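Architecture and fold: a report
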Amino acid sequence: MILRRIFSPTSIRFASSEPTNQFIKTLNNQARYEHAFRVFNRLIQENKVNIKSLLNIIDTCARSKQINRAQQIEIYINQSKTWHNHIRLQTSLIHMYMKLKLIDQGKQNDRIY
């Protein structure tokens, strides 16, 4: 019970995003996808999103098969001047759409030629 409160995404204030990235990865491995999404949303609120957190949440989208969230993450990435041309993120998005069996989505957004 105490650990649940400590790791509650609403009570966590992240000093850095590195432990949080590992936490999201652990949640993915435990198939606790909703919790991973809540932690990621908290990172967004605190403006502490980085490449690793984006790669982890793309993995969460693929594992959970949540197409709407996958599209929201893609929009978030593409609206960013920092990440919208990041090759590793774009490649991860392609893999995510392949896992979701939505490869046409990748083609539609000019990732696959």
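See the structure above.
The sections below set out a description of the structure shown in this document.

The rules we used
- Residues numbered from 1 in each chain as written.
- Predicted model: local features only at pLDDT ≥ 70, side-chain atom pairs only at ≥ 80, totals over all residues.
- Heavy atoms only, no water.
- Helix = DSSP H or I, 4+ residues; strand = E, 2+ residues; numbered from the N terminus.
- Salt bridge = Lys/Arg side-chain N within 4 Å of Asp/Glu carboxyl O.
- Buried < 20%, exposed > 50% of the residue type's maximum accessible area, 1.4 Å probe, protein only.
- Core = buried A, V, L, I, M, F, W, Y, C linked by side-chain atoms within 4.5 Å.
- Contact = heavy atoms within 4.5 Å.
- Expected span 1.5 Å × (residues − 1).
- Phe/Tyr/Trp six-rings, centres within 6.5 Å; stacked < 30°, edge-to-face > 60°.

**Observations concerning unusual backbone geometry**
In the Ramachandran plot, Ala31 falls in the positive-phi region, its phi being about 60° despite a non-glycine side chain. Along the chain, Ala31 falls in the loop between helix 2 (18-29) and helix 3 (33-45). Phi is positive for Lys65, close to 60°, though the residue is something other than glycine. Here Lys65 shows up in the loop between helix 4 (51-64) and helix 5 (67-79).

**Considerations on the pattern of salt bridges**
Evaluated as defined, the whole model comprises four salt bridges. Across the pair Glu34 and Arg69 runs a salt bridge whose closest N-O atoms are separated by 3.1 Å. In this pair, Glu34 sits in helix 3 while Arg69 sits in helix 5, placing the two residues 35 residues apart along the sequence. With relative accessibility at 36%, the residue Glu34 sits in the partly exposed group. When salt bridges that share partners are traced, they join Arg42, Glu46 and Lys48 into one network.

**Some words on the nonpolar core**
Among the nonpolar cores identified, the biggest contains 25 residues, and Phe40, Leu54, Ile58, Ile73, Ile77, Leu89 and Met96 are the most heavily contacted of them. Of all the secondary structure elements, the ones that give two or more residues to this core are helix 2, helix 3, helix 4, helix 5 and helix 6 (87-99). Excluding residues that lie within four positions of it along the chain, Ile77 makes contacts with Leu54, Ile58, Trp83, His84, Leu89, Gln90 and Leu93.

**A word on helix 6**
In this model helix 6 runs 18 Å from its N-terminal to its C-terminal C-alpha over 13 residues, within 8% of the 18 Å that 1.5 Å per residue would give. Burial in helix 6 covers these residues: Leu89, Gln90, Ser92, Leu93, Ile94, Met96 and Tyr97. At the exit of helix 6 stands Lys101, carrying a positive phi of roughly 60°.

**Observations regarding the packing of aromatic side chains**
If you walk through the whole model with that rule in mind, you get two aromatic pairs. Ring centres of Phe40 and Tyr76 lie 6.4 Å apart, and the angle between their planes is 80°; this geometry places the pair in the edge-to-face category. In this pair, Phe40 sits in helix 3 while Tyr76 sits in helix 5, placing the two residues 36 residues apart along the sequence. Since its relative accessible area comes to 1%, Phe40 is described here as buried. Owing to a relative accessible area of 25%, Tyr76 belongs among the partly exposed residues under this scheme. Summarising the aromatic geometry, the rings of Tyr76 and Trp83 are spaced 5.9 Å apart at their centres and angled 35° between planes, so their arrangement reads as tilted.

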